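Coordinates in review
In case you want the letters, here they are:
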Amino acid sequence: MIIAIKRILVLFFMTIFIASCSGGGGSDTPLETGDTGDTGDTGDTGDTGDTGDTGDTGGTEETGGTEETGGTAQVVVTGQVTTFPESSSTTSSIVRRLPAPVAELQRSAQFLANNTTEEDTSIDATDMVPARSMVSLCELTDTECTDPVATVKSDENGNWEADCEDFRTWLVENSLLATDAEESACITAIKALGKLQVKALVVKETRDENGDIVTGSDGNPVLKAIAIQSIADPEDVDENGVPNPTKVNPIVHRVTKSIIGQIEQAKEDLQETVNNLTEAGLPQSTVDILSAQIDTQLDQLVIALAETITQVIEDSEDDVFTIPDGSTFDDVVADTESEYEVNVAASS
């Protein structure tokens, strides 16, 4: 699926430039990129999520009724952050993928005693534990997540939610919402952003190879931070208009990171191609306009790929981290967290 996304990216941008260059006329050429905007119209079809809007309207008003009771703003996106446990001792050698009614038995000493003879060969979502974190929501085209549209915190159970007020400041600053706009207008503006990148920053204590907490010269634990990504959809709601939770964990992160990376690479390749168009004889004025339209075209592409991205994320939820021969649960966790680690000072 990831390869399919990459191919679509290449074909999409080739279409843009073929349309742009075949116009042949200096000032008319930029206007033809508008034809590519028609591809964006395909994205508009993705906006048939507007049909979802109709359902959302019903759901929104119902939730709005809840708002009158609870006195809180309507939640637009929600989710749960989970990450690796501190040590395999919390999940060691138990049979995976148990039916829900049996989940409680995982905490039973007798159950563990009866099921510790089978070694784990993989790590899946059931091994993850809830985590407190700082959650940033960004546009998919903001691949580095440098300009969050909203920032919230997850609780001790890893649960987080973002309502209209969490987005309002950014929407107003970017002229996407009037200062005194009502909540319904705010929600519409949020949904117009499309799918959002979710970036959770989880701070953990560093542990040595024996699983012991590492302390600094001051005697305090040495902390590390790992970034975990996922993708949320403001249009994804249940039959009552309540947002379906977004799963944010290391397993989904692998695929999300790949998708974001493909978008970033496409952006860089497109910019390089645009820069080389001058040598191909295209007027500089046209090249400048094409360069200015890169983000717009990228937005249209993300809309066109919406269903594909959703499917890729859903498929990834059942993926696992394989534990290679000679390695342990803790080895895989340590290696993966090292890859996901970010500089705490730089991120704060």
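Residues numbered from 1 in each chain as written. Predicted model: local features only at pLDDT ≥ 70, side-chain atom pairs only at ≥ 80, totals over all residues. Heavy atoms only, no water.

1. Quick word on unusual backbone geometry
Backbone geometry at C145 places phi at a positive 55°, although glycine is not the residue there. Take C145: its relative accessible area is 11%, and that puts it in the buried class. Unlike most non-glycine residues, S175 shows phi in positive territory, near 60°. Topologically, S175 is positioned in the loop between α5 (164–173) and α6 (183–192). (Buried < 20%, exposed > 50% of the residue type's maximum accessible area, 1.4 Å probe, protein only. Helix = DSSP H or I, 4+ residues; strand = E, 2+ residues; numbered from the N terminus.)

2. Side note on the environment of E314
Within the secondary structure, E314 is located in helix α10 (residues 306–316). Taking C-alpha positions, E314 is 9.6 Å from K247, a pair spaced 67 residues apart along the chain.

3. Thoughts on the state of the cysteines
What makes a disulfide is a covalent bond joining the sulfur atoms belonging to two cysteines. Taken as a whole and assessed by the stated rule, the structure comprises two disulfides. With a sulfur-sulfur separation of 1.9 Å, C164 is cross-linked through a disulfide to C186. Handedness of the C164-C186 disulfide follows from its S-S torsion of about 130°: it is right-handed. Residue C164 is located in helix α5, and its partner C186 is located in helix α6; the two are separated by 22 residues in the primary sequence. For C164, a relative accessible area of 0% translates into the label buried. Residue class for C186 comes out buried when judged on its relative accessible area of 0%. By sequence-ordered numbering of the bonded cysteines, the chain has its disulfides arranged as 1-2, 3-4. (Disulfide = S-S within 2.5 Å.)

4. Details of the nonpolar core
Counting residues in each nonpolar core, the largest one holds 40 residues, and the members touching the most others are I123, L137, W160, F167 and L171. If we ignore the near neighbours within four places in the chain, the residues touching F167 are V77, L137, V149, A150, A162, I190 and L196. The next biggest cluster of nonpolar side chains, apart from the first, holds 14 residues, and it includes L140, I231, L305 and I313. (Core = buried A, V, L, I, M, F, W, Y, C linked by side-chain atoms within 4.5 Å. Contact = heavy atoms within 4.5 Å.)

5. Brief notes about the packing of helix α7 (residues 250–276) against α10
One can describe the packing of α7 onto α10 by two numbers: an axis separation of 8 Å at closest approach and a directional angle of 150°. Regarding the angle of α7 to α10, the classification is roughly antiparallel. Remark: the crossing between α7 and α10 carries right-handed chirality. From α7, I251, V252, V255, T256 and I259 reach across to α10, where they touch I309, V312, I313 and S316. Grouping the amino acids of the contact of α7 with α10 by side-chain chemistry returns seven nonpolar, two polar and no charged. (Axes fitted to C-alpha atoms, helices over the stretch in contact; angles between N-to-C directions. Parallel < 35°, antiparallel > 145°, perpendicular 65-115°, else oblique. Left-handed = near helix turned anticlockwise from the far one by under 90°. Nonpolar A, V, L, I, M, F, W, Y, C, P; charged D, E, K, R; others polar.)

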